[in-house]
Amino acid sequence: LRSRIGDEDFFRGLKRYGTVYSYQAAETSDLRQIFERLYGVSLERFFYDFAERPGHPELLVESDWLPKDKLLRVKVSQTQKAEPFHIPLKIEVVTDESPGAAPTVIEKDMTERDFTLFIPVARHPQQVRVDPDFTLLATIKETKSNNLWQSQLASAGSLYERVRAAEHFGEITTDASRESLVKSLNSDGFYGVRVEAAKALGRVKGDIARDALINGLTQDSPYVRAACATALSNFEKDETALAALQKKHAAGDASYKVEGAVLRSFAEVSAEPPVKELIAGLDKPSHREVIRLAALHGLGHSREPEVLDVLIEWTTRRRPYLCRSSSCGSLAEYSIRNDLTDAQLKRVIDRLIEIVEQDG
């Protein structure tokens, strides 16, 4: 709404709404009428779409460069099952990425289910930016060339666009896509994009991805280090990943979040969870118990007999409540993974029943 009517009318409308309806009950229609008086047009359809009906717009945007005609064809479709939303759609086409170069901007009020644009451009676009200001409450999927995706990942103006590009490359298992993600992981200026690049590398796997994630364990941002550690959990029984996680676990980290992620992945990559290290992790307090929760998760995947006693003991009331909850889940996982005797199974069930009766 703010992007639709502009800052001045938006904040003036909020102030007016707060003044008129102070100490009173009010409804959404009252807010709409305040804005309509200030804006001078009906907002009934807008409020119907985004405040009254269920769901949200789901857009598929397909971009094709037609070199002979020097045209960019852009087809936009609303793919949700419900009737089309009425939405303002903005598309920017960048043909020159040098500083100060102006993009071609197309703005259209979309009221139908789909439409196709033919945009004259002198040369192959460098970027096709859909909703560049990130103002639409919509899910957007794009189909376009890898060159456009690579440019978006490397230099798109908004974080949201670069994240979307990282997610795209996370579905393509080629060395070229891996290299694009590695470059983003190593050089993007915002840690959030680097986190998404790490997640994507964990999905595409491969030696290039694994080595980049190992290198990422030394980045300055703890969020990125934690994301790299978590992504390495996808490399099960990979000796190189295991050695790197083991080394990082032994060295420790200034961030509890990173230590917890490393310990969890260390357990998942190992052929058999490292029980000694996991039990040692239970002695380490941390914010929101991230280290102990990682240790309990790993112990649930163990096959060692002594682990059963540890997990049951960590369900007792003298343990932190977050750990008690995690231990219950790990007990269930341990029971599934191991061929327990009838006596052991009865012990687990009796303990869980006791917890329900005490705390339920």
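Treat the numbers as computed from the prediction; the structure is a model and nothing was measured.

The next point concerns the overall build of the protein. On a plain count of helices and strands, the protein comes out with 17 helices and 7 strands. Taking 2.2 N^0.38 as the reference for a compact globule, 360 residues should give roughly 21 Å; the C-alpha atoms of the protein span a radius of gyration of 27 Å, well beyond that estimate. In terms of overall dimensions, the protein has a C-alpha envelope of 75 × 60 × 35 Å along the principal axes. For the protein, the proportion of its 360 residues judged to be buried stands at 44%. Long-range pairs, those at least 24 residues apart, make up 61% of the contacts in the protein with a sequence separation of at least 6. Of the accessible surface of the protein, which amounts to about 19,100 Å², a share of 51% is contributed by carbon and sulfur atoms. Computed over 49 positive and 55 negative side-chain charges, the inter-centroid distance for the protein is 2 Å.

Turning our eyes to something else, we now look at the packing of helix α8 (residues 191-204) against helix α10 (residues 222-231). Running from N to C, α8 and α10 cross one another at 5°; their axes reach a closest spacing of 8 Å. Considered as vectors, α8 and α10 are oriented roughly parallel to each other. On α10, the residues touching Tyr191, Arg194, Val195, Ala198 and Gly202 of α8 are Tyr223, Val224, Ala227, Cys228 and Ala231. Looking at the contact of α8 with α10 residue by residue, the class counts come to 8 nonpolar, 1 polar and 1 charged.

Our next topic: the pattern of salt bridges. All told, the structure shown has 31 salt bridges when counted by the stated rule. Ionic pairing is found between Glu92 and Arg129, a salt bridge with its closest N-O pair at 3.0 Å. Taken as a pair, Glu92 in strand β3 (residues 87-94) and Arg129 in strand β6 (residues 127-130) lie far apart in primary sequence, 37 residues in all. The two residues Glu92 and Arg129 agree in class, both being buried. Notably, a salt bridge pairs Arg210 with Asp238, separated by 3.2 Å at the nearest N-O pair. Separated by 28 residues along the polypeptide, Arg210 in helix α9 (residues 206-216) and Asp238 in the loop between α10 and α11 (239-251) bring together distant segments of the chain. Using a relative accessible area of 10% as the deciding quantity, one classes Arg210 as buried. Bridged by salt links that share partners, the residues Lys90, Glu92, Arg129, Asp133 and Glu161 form one connected network.

This next bit is on the sheet that holds β6. Judged by pairing direction, the sheet is antiparallel, and its 3 strands sit side by side in the order β4-β3-β6 without closing on themselves. Two strands bound the open sheet, and with one partner strand each, they are β4 (104-110) and β6. The sheet shows a mean angle of 15° between the axes of neighbouring strands, direction not considered. One ladder, built from 4 bridges, connects β3 with β6; its direction is antiparallel. Counted as the bridge partner of Ile91 is Val130 from β6.

Thresholds, definitions, all that
Residues numbered from 1 in each chain as written. Predicted model: local features only at pLDDT ≥ 70, side-chain atom pairs only at ≥ 80, totals over all residues. Heavy atoms only, no water. Helix = DSSP H or I, 4+ residues; strand = E, 2+ residues; numbered from the N terminus. Rg over C-alpha atoms; globule rule 2.2 N^0.38 Å. Buried < 20%, exposed > 50% of the residue type's maximum accessible area, 1.4 Å probe, protein only. Contact = heavy atoms within 4.5 Å. Areas by Shrake-Rupley, 256 points an atom, 1.4 Å probe, with all protein chains shown as cover. Lys, Arg positive; Asp, Glu negative; His and termini not counted. Charge placed at Lys NZ, Arg CZ, Asp CG, Glu CD. Axes fitted to C-alpha atoms, helices over the stretch in contact; angles between N-to-C directions. Parallel < 35°, antiparallel > 145°, perpendicular 65-115°, else oblique. Nonpolar A, V, L, I, M, F, W, Y, C, P; charged D, E, K, R; others polar. Salt bridge = Lys/Arg side-chain N within 4 Å of Asp/Glu carboxyl O. Pairing = 2+ DSSP bridges.

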